[in-house]
Amino acid sequence: MDYSAILKRQEYKFIDTDEHLGKHVILLGLSGSYSYGTNNENSDIDLRGVTLNRKSDLIGMTEFEQYVDQNTDTTIYSFNKMINLLINCNPNTLELLGLNQEHYLFFNDIGRELLSNKGLFLSKRAIQSFGGYADAQLRRLQNALARDAYPQSEREQHIFNSVKNAMYDLKKRYERFENGAIHIYIDQSQNPEFDTEIFMDVNLSHYPLRDYKNIWNEMNNIVKDYDKLGKRNKKKDDNHLNKHAMHLVRLFMMAIDILEKGEINTYRSKEHELLLRIRGGEYQKEDGTFDEAFYDIVSDYERKLDYAAAHTHLPDEPDMEKVQEFVMSVNEKVVRDEI
């Protein structure tokens, strides 16, 4: 299929006519199931892209971050916002740099330059970003199902993983831990309803109350998400649940490739059949819950991700000097009207 013909459809006319897009667009590609290779007859076409910040955005008074067209499910990020998302290893944007060639609908010289520099954005930040997204998918599944069907110790481990990922982001926002520390861990519980339980060691002095309140609220919200039993319309939700389950496993696959190989592989050719089986409901039981085989798959990928994270050769952080040079070289062309 010639996917580039999609842009000729009337509903995508806004790409040519909007003042932020048009000649400023440097990259457009497929997103969602088509880009992963998991599309079926009911799949919609989603587009993602990048457009340059205009001269007035860079040295004038205007601001622009992204253009969203809900009718076509299209999101086009400004170049500067895209870079900020990429340096944080945001899964939704990294995917755009790892498409199969035929899934790019358009790119110009600067778009090609962005693709050739994708290695600049890969770092150990992917451990938390992809892990956090995977945990969020798992919570959505757990919230939608009668979670009391699953072992308590398994639920506690998932809560722990979610809190750990949250703590990584919290430490970036609330750095003032010099007068103490917060340590979380799992241990045997004395609560007769629990086998294991999450514990905290908190040793803080002269710590801002509002910062502590924000930390507590975020951890509390994670626990509350798990403790609520979800009620759902089975016929309506089964397809969505299976899709969430598939994305959960796919996120692990992408993260492992990034950490082990330094590669962004959005299209999952080797695992294509497994992902389609999950999306098709093969691992969902008659009562709507997922069978042990699915959670065995998830646990196996969690172990692989932990191993990849411990042995990756990626740097702790992106080389910001090189990223800065790339961004400045592109934006300088805009300011000099060389585009």
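Keep in mind that this is a model prediction, so the values were computed, not measured.

Participant: Hey, could you run me through the overall build of the protein in this one?
Facilitator: Across its full length, the protein carries 13 helices and 7 strands. A buried classification covers 48% of the 339 residues belonging to the protein. If you take every contact in the protein between residues at least 6 apart in sequence, the share linking residues at least 24 apart comes to 72%. Accessible surface, the protein: about 18,200 Å² in total, of which carbon and sulfur atoms supply 45%.

Participant: When you look at the side chain of Gln284 in this model, what are you seeing that I'm missing?
Facilitator: Within the element layout of this structure, Gln284 appears in the loop between helix H11 (272–279) and helix H12 (292–311). Of the polar contacts made by the side chain of Gln284, one reaches the side chain of Asn242; its length is 3.3 Å.

Participant: Would you explain the sheet that holds strand S5 (residues 104–107) in this entry?
Facilitator: Pairing between the strands of a sheet comes from backbone hydrogen bonds, and it takes one of two forms, parallel or antiparallel. Taking strand neighbours across the sheet as the criterion, the 5 strands line up as S3-S4-S2-S1-S5 in an open arrangement whose pairing is mixed. Since the sheet does not close on itself, it has two edges, and those belong to strand S3 (66–69) and S5, each with one partner. Across the sheet, the mean angle separating the axes of adjacent strands is 10° when strand polarity is ignored. Strand direction decides the pairing type here: strand S1 (residues 25–31) and strand S2 (residues 46–51), joined by 6 bridges, are antiparallel. Each residue of the ladder has a partner; that of Val25, found in S2, is Thr51. Across the sheet, helix H4 (residues 79–87) lies against S1, S2, S3 and strand S4 (74–78), angled at about 90° from S4, the strand it touches most.

Participant: Is there a simple way to explain the side chain of Asn53 in this structure?
Facilitator: Relative to the elements of secondary structure, Asn53 occurs in the loop between S2 and helix H3 (55–59). Within the structure, the side chain of Asn53 is placed 3.5 Å from the backbone nitrogen of Phe79, a separation counted as a polar contact. Among the polar contacts made by the side chain of Asn53, one reaches the main-chain amide nitrogen of Asn80 at a distance of 2.9 Å. Setting aside residues up to four positions removed in sequence, Asn53 forms contacts with Leu58, Phe64, Ser78, Phe79, Asn80 and Val334.

Participant: Quick question: what am I supposed to make of a nonpolar patch on the surface here?
Facilitator: A cluster of nonpolar side chains, namely Met200, Val202, Tyr212 and Trp216, defines an oily patch on the protein surface of about 350 Å² accessible area. If you list the elements that add at least two residues to the nonpolar patch, you get strand S7 (196–203) and helix H9 (209–227). Considering the arrangement of structural elements, one finds Met200 in strand S7. Taking the relative accessible area as the measure of exposure, Met200 reaches 32% and is therefore partly exposed.

Participant: Before we go on, may I ask you to explain the pattern of salt bridges in this structure?
Facilitator: In a structure, side chains of opposite charge can pair up when their charged atoms sit close to one another. With the rule as written, the count across this model stands at 15 salt bridges. Glu95 is paired through a salt bridge with Arg250; the nearest N and O atoms lie 3.0 Å apart. Taken together, the residues Glu95 in the loop between helix H5 (91–94) and S5 and Arg250 in helix H10 (residues 234–261) connect sequence positions 155 residues apart. In this structure, Arg112 and Asp109 form a salt bridge, with 2.9 Å as the shortest nitrogen-oxygen distance. Note that Arg112 and Asp109 are positioned in helix H6 (residues 109–116) at a spacing of 3 residues, about one turn of the helix. You can call Asp109 exposed: its relative accessible area is 59%.

Participant: How do you make sense of unusual backbone geometry when you look at a structure like this?
Facilitator: Excluding glycine, most residues fall at negative phi; most peptide bonds, likewise, are trans. The phi angle at His206 is positive, at roughly 50°, despite the residue not being glycine. With respect to the helices, strands and loops of the structure, His206 is situated in the loop between S7 and H9. Judged by its relative accessible area of 79%, His206 falls in the exposed class. Of note in this structure, Asp337 is not a glycine but carries a positive phi near 60°. Mapped onto the elements of the fold, Asp337 is located in the segment after helix H13 (320–335).

Participant: Got a minute to help me understand H11 in this structure?
Facilitator: Since the α-helix advances by 3.6 residues per turn, residues separated by three or four positions end up pointing in the same direction. Of the positions making up H11, those classed as buried are Leu274, Leu275, Ile278 and Arg279. With its buried residues spanning 135° around the axis, H11 presents them on a single face. One or two residues past the end of H11 sits Gly281, with phi positive at roughly 90°.

Participant: Help me out: how do you make sense of the pairing of S1 in this one?
Facilitator: Regular strands show a simple pattern: their side chains alternate between the two faces of the sheet. Across the 7 residues of S1, 7 count as buried, placing the element largely inside the fold. Summarising the sheet, S1 and S5 pair through 3 bridges and their orientation is antiparallel. Across the sheet, the residue bridging to Leu28 is Phe106, located in S5.

Participant: Would you mind showing me how to read the environment of Thr196 here?
Facilitator: Positionally, Thr196 belongs in strand S7. Taking C-alpha positions, Thr196 is 7.1 Å from Glu156, a pair spaced 40 residues apart along the chain.

Participant: Got a minute to help me understand the environment of Leu114 in this structure?
Facilitator: As for its position among the elements, Leu114 is in helix H6. Exposure remark for Leu114: the relative accessible area of 0% places this residue in the buried category. In this structure Leu114 touches Leu27, Val50, Ile83, Leu86, Leu97, Phe121 and Phe326, once residues within four positions along its chain are discounted.

Participant: Which parts of the structure should I look at to understand H4?
Facilitator: Among all positions of H4, only Phe79, Met82, Ile83, Leu86 and Ile87 are buried. Taken down its axis, H4 places every buried residue within 125° of arc, on the same side. Positive backbone phi, approximately 55°, marks Cys89, located one or two places after H4.

The rules behind the values
- Throughout, a residue's number is its position along its own chain's written sequence, starting from 1.
- For a predicted model such as this one, the threshold for reporting local features is a pLDDT of at least 70, and the threshold for listing and counting side-chain atom pairs is 80 or more; totals across whole chains, interfaces and linings nevertheless cover every residue.
- To obtain the side-chain values, all non-hydrogen atoms of the structure were used and water was disregarded.
- Helix and strand assignments come from DSSP, with helices taken as H or I runs of at least 4 residues and strands as E runs of at least 2, each series counted from the N terminus.
- Relative accessibility thresholds used throughout: buried, under 20% of the residue-type maximum; exposed, over 50%; partly exposed, between the two (1.4 Å probe, protein chains only).
- Any two residues having at least one pair of non-hydrogen atoms within 4.5 Å are treated as being in contact.
- The Shrake-Rupley method, run with a 1.4 Å probe, gives the accessible areas here. Residue values count only the displayed protein chains as cover.
- Side-chain atoms alone can form a polar contact between residues adjacent in sequence; in general such a contact is a pair of N or O atoms within 3.5 Å, and within protein one must be able to donate a hydrogen while the other accepts it.
- Pairing between strands is defined by DSSP: at least two bridges between the two strands are required.
- Each axis is a line fitted through C-alpha atoms, taken for helices only over the stretch in contact, and angles between the N-to-C directions span 0 to 180 degrees.
- Surface patches are drawn from residues lacking salt bridges whose relative accessible area is over 30%; two like charges belong together within 9 Å, two nonpolar side chains (Val, Leu, Ile, Met, Phe, Trp, Tyr) within 5 Å.
- Salt bridge, as used here, is a side-chain nitrogen of Lys or Arg placed within 4 Å of a carboxyl oxygen of Asp or Glu.
- As used here, the arc is the angular range of directions from the helix axis to the C-beta atoms.

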